Amino acid sequence: MKKELVIIGGGPAGLAAAIAAKEAGINDLLILERDARLGGILNQCIHNGFGLHTFKEELTGPEYAGKYIDKALELEIPYELNTMVIDLTQTSEGKEKLVTVMNREKGLYTIEARAVILAMGCRERSRGALNIPGFRPAGIYSAGTAQRYVNMEGRMPGREVVILGSGDIGLIMARRMTLEGAKVKLVAELMPYSGGLKRNIVQCLDDFGIPLKLSHTVVDIKGKERVEAVVVAQVDEQLKAIPGTEEEISCDTLLLSCGLIPENELSGNLGVTMNPVTNGPLVDESLETDKEGVFACGNVLHVHDLVDYVSEEASQAGKRAAAYLKGELEERGRKILIRAVNGVHYTVPSSIDMQRMEQTQVVRFRVGNVYRDAAVEVAFDGKVVSSRKKKVLAPGEMEQVILKKADLEQAEGIKEISVSIRRDT
Amino acid sequence: MIDVIVIGAGVTGCGIARELSRYDWRVMVLEKASDVCEGTSKANSGIVHAGFDAHPGTLKAKLNVEGSEQMEELAKELDFPYKRNGSLVLCFDEKDREKLQKLYEQGLKNGVKELRILEREELKQLEPNISDNTVAALYAPTGAIVCPFGLTIALAENAAANGVEFRLNTEVESIERTESGYRLTTNQGVLESKVVINAAGVCADRFHNMVSGNQIRIIPRKGEYCLMDKKVGDYVNRTIFQLPTVYGKGVLVTPTVHGNLLVGPTAVDVEDKEAVNTTGEGIADVLKRAALSVNALPAKQVITSFAGLRAHAIFENGESDFIIGEVQDAPGFFDAAGIESPGLSCAPSLGKYLVEQVLAYLPAEKKPDFIASRKGIPNMALATGEQRQQFIRENPLYANVVCRCELVTEGEIMDAIHRPLGATTLDGVKRRTRAGMGRCQAGFCSPKTVEILARELGKDMSEITKNEKGSEFLTGFDKDNL
């Protein structure tokens, strides 16, 4: 089977990318979705707060996804469900990508695609990856797994809950478990700041009187069959548990919300170069990876805070992939690197091609720590060209700067753009 | 009246049961857990040792070398994952060369084939990532890796196919001698048997001491491990041991037969025979020691840690060996006790050795219809494109991926449930198919697997357990407690 464009993943990123590509004139495209329905993880996010930026209204996850699914159906974008991409390679000349997929109806087959958009999303960091010692009983779930049980199956995974990690899914689940009749005793966060959005701390913890202990972690899990208790301890500046601060909290459930990891196993198979900070592919202004015709967007590229930004980014990827397929992408010109320095953890994209750049370019990033009364600075070859004051910058919130093509053209011969945090304001 | 009862369905008990099933005895295996392979057999290094470690003349040495030689054939016969990858014992100090030489000579005495001592340059070519501090190593090309679950389950399934009855969730509470044999009182009723074989792992002393005046003691020796992502599964190709150093007996760094990287174990004697918890110190210790063997150990790639308990037998003279054979003051009661490392390696040989002794006590005829081979569950992850097509043609459920990290399909999970001695728990499915063993550690697939288990077993999802009773995943419906 041959396709112009294959989109791997039918979640918010894949949907928005497919819609943008179709609207840009690509008709021979296909979305591959491993789950039984389109919409991805939004289907289990039944809380509201989605779409404020995009639709100026508060939607639930399924409602937000529904808007994109409706649009995709209206545009008659083809998709396959219950379909797993098991390998992604390229032909020996490198032009065509080979997408090997499996599903019940059609078995195992390979699609030859001229372009691919990676939109596989991310997974949650597991207990094992966190090296939490103790027994391995039932009752330890990633927050997303618990969310699936509660919101999709109508089942409770526990009665008395401790949550480790204050990522957004953990905070949302603290509230959900409470509303469904469980007792959430504590949210413990290793870092001295939360990894989630401020609004979620307020609405999901504060409003329900659930305590959040920063600089705390779980140092032991008790219970041989089912969790019976966890031991929580305070950590020092090196994030090591401080002896003598241990506190045993009886509970039957430990939820983990300790970070998300982009699912880039397929990208790895293809040999896409990765950014070790984001665990996502390195991309340029067109969201194209270093493999020609392979684009990335959404949480597989870098973990987002709001789905609105996923959609926005994915639309851009879809548009650029369409331009690539129609031969409308400019010849590559000079590449300007974007460096993340002084508190800026990473940037997406990590480079800009002057020829291909549109009139403006959004550069998204996250900071590595909490900064108050700081400024986000952009410098061209070391010379500061813009400085924007921020009351608070936190790792849980994605930030952005917008670069103008005109400014870059003016800075003739520019080699490097840097984005940094200035703290002395 | 049963002819032979085996207590314990670990690799030792199942290996013995399979050998017993060649004869026309009525054989029953009693296991207190909900599945086979639930004790030490599920948490170990998965190594088939070449056989140079044990002191010449010990049972460990004899059965290890025999087991190592027979494992490849057994793997073909019973279709479980096995790979002869070779092993290296690294020496980091010129002063320790003598110890390396002694180990080499000990291996020769034990009958280990193809042993060689390699120098640094050659080693670096074989294994570029081994420590720069390595000066020489003992190379055993016959060392191998095996799937400990695959091996144990294969032995059990084949024994069952040959008529052995497995009674799971059956805990022996007491054993009394009778005129014709032994009476075993269990939580599931009373059983009478002419012969009893004690393969109860860390609990073997308990059963031995119920029938014998010569008490034995089995110390649970905890070993903690870290398992790393398949991304770094080829960090080394051979199993890398260390010569004992001032830090004590070193830990190993090895690829697993499934392509992960495994480091461990620690060795700490504990009291509690169920203390399979990991500890902060243990994990830190494993990573620290493993980092001596290889440059830049990829410690960030850990996907899970676990601990197992070795059944360590202590003799009065301080020596240690397996305790295998008829108990002197208890005719018809046979021990297979103190089976710590290299117990897994001995799975093919230990049963044969013991069953010969049982035959001397209770004669039997070989069954003419013994089924020697067994076919495992199709493995979509390892299958070639053509094999995959074939499996899918037979059953389209082999195309429905449930565990994305390890590429396990609904077809494989259904097989695991519906085989003889099939899986009834999430861990049972995991050990038979690898669903949930990958990098997300069952985050995505466990709700689906729970659903399939419930559907296939005719149960409600709330009844599905991780392993034993009490390990149910779900506590009720939303809003039950409001």
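Shown above is the structure to which this text applies.
A. Summary view of the nonpolar core. Within the largest apolar cluster, 73 residues are counted, with the highest numbers of intra-cluster contacts made by W25, F80, L151, F166 and I197 of chain B. If we ignore the near neighbours within four places in the chain, the residues touching F80 of chain B are M71, L74, A75, V146, G150, L151 and A154 of chain B.

B. Main features of the packing of aromatic side chains. Here the structure, examined in full by the defined rule, presents 10 aromatic pairs over all chains. Summarising the aromatic geometry, the rings of F55 of chain A and Y68 of chain A are spaced 6.0 Å apart at their centres and angled 65° between planes, so their arrangement reads as edge-to-face. With F55 of chain A in helix α2 (residues 52-55) and Y68 of chain A in helix α3 (residues 61-74), this residue pair connects regions lying 13 residues apart in the sequence. Classification of Y68 of chain A by relative accessible area gives buried; the value is 13%. A centroid spacing of 6.0 Å and a plane angle of 80° characterise the contact between Y141 of chain A and Y149 of chain A, whose relative ring orientation is edge-to-face. Accessibility expressed as a relative area gives 4% for Y141 of chain A, which makes it buried. The structure contains a cluster of three or more aromatic residues connected by ring pairs, namely F55, Y64 and Y68 of chain A. Directly above the aromatic system of F55 of chain A lies the positively charged group of K67 of chain A, at a separation of 4.9 Å from the ring centroid. The ring of F444 of chain B has R404 of chain B lying over it, and the distance from NZ or CZ to the ring centre is 3.6 Å.

C. Focus on the sheet that holds strand β30 (residues 416-422) of chain A. Residue and element names in this part refer to chain A. With respect to topology, 5 strands assemble into an open sheet ordered β25-β23-β30-β27-β28, the strand pairing being mixed. Each having just a single partner strand, β25 (351-353) and β28 (383-393) make up the two edges of the open sheet. Ignoring which end each strand starts from, the neighbouring axes of this sheet average 20° apart. Pairing geometry for strand β27 (residues 371-380) and β28, over 9 bridges, is antiparallel. Across the sheet, R372 pairs through a bridge with V392, a residue of β28.

D. Representation of the interface of chain A and chain B in the model. Taken together, the contact between chain A and chain B spans 46 residues of the former and 60 residues of the latter. Between chain A and chain B, the buried area comes to about 4400 Å², and carbon and sulfur atoms account for 53% of it. The largest contributions to the chain A side of the interface with chain B come from R104, R136 and R155 of chain A, which together make up 16% of the buried area. Joining chain A to chain B, the criterion identifies 7 salt bridges. The partner of R155 of chain A in a salt bridge is D460 of chain B, with the nearest N and O atoms 2.8 Å apart. Applying the counting rule to chain A against chain B returns 20 residue pairs in polar contact (both at pLDDT 80 or more).

Scoring rules and cut-offs
- Each chain carries its own residue numbering, running from 1 in the direction its sequence is written.
- Starting at A for chains and at 1 for ligands, labels are handed out in the order in which the entities are written.
- Confidence filtering applies because this is a predicted model: local features only for residues at pLDDT of at least 70, side-chain atom pairs given and counted only at 80 or more, and all residues used for totals across whole chains, interfaces and linings.
- Side-chain measures here rest on the full set of heavy atoms in the structure, leaving out hydrogens and waters.
- Throughout this description, the term nonpolar core refers to a set of buried Ala, Val, Leu, Ile, Met, Phe, Trp, Tyr and Cys residues connected via side-chain atoms within 4.5 Å.
- Summary of the burial criterion: residues with accessible area below 20% of their type's maximum are buried, those above 50% are exposed, and those between are partly exposed, where the area comes from a 1.4 Å probe applied to protein chains only.
- Whether two residues touch is decided by their heavy atoms; if any such pair falls within 4.5 Å, the residues are in contact.
- The pairing test for Phe, Tyr and Trp rings, Trp by its six-membered ring, is centres within 6.5 Å, and the orientation test on the planes gives stacked under 30 degrees, edge-to-face over 60, and tilted for anything in between.
- Under the DSSP-based scheme used, a helix requires at least four consecutive residues in state H or I and a strand at least two consecutive residues in state E, with every element numbered from the N terminus.
- Any Lys NZ or Arg CZ that is within 6 Å of a ring centre and within 35 degrees of that ring's normal is treated as a charge sitting over the ring.
- Two strands make a pair as long as DSSP finds a minimum of two bridges between them.
- Orientation is described by axes fitted as lines to C-alpha atoms, over the contacting stretch for helices, and by angles from 0 to 180 degrees between their N-to-C directions.
- Buried area, as used here, totals the accessible surface that two parts lose on assembly, with accessibility defined by a 1.4 Å probe and the loss added over both.
- We define a salt bridge as a side-chain nitrogen of Lys or Arg found within 4 Å of a carboxyl oxygen belonging to Asp or Glu.
- Polar contact is the term for a pair of N or O atoms within 3.5 Å; when the atoms are in protein, one must be able to donate a hydrogen and the other to accept it, and sequence-neighboring residues count only if both atoms are side-chain atoms.

Any link to function would need more than the numbers given here.
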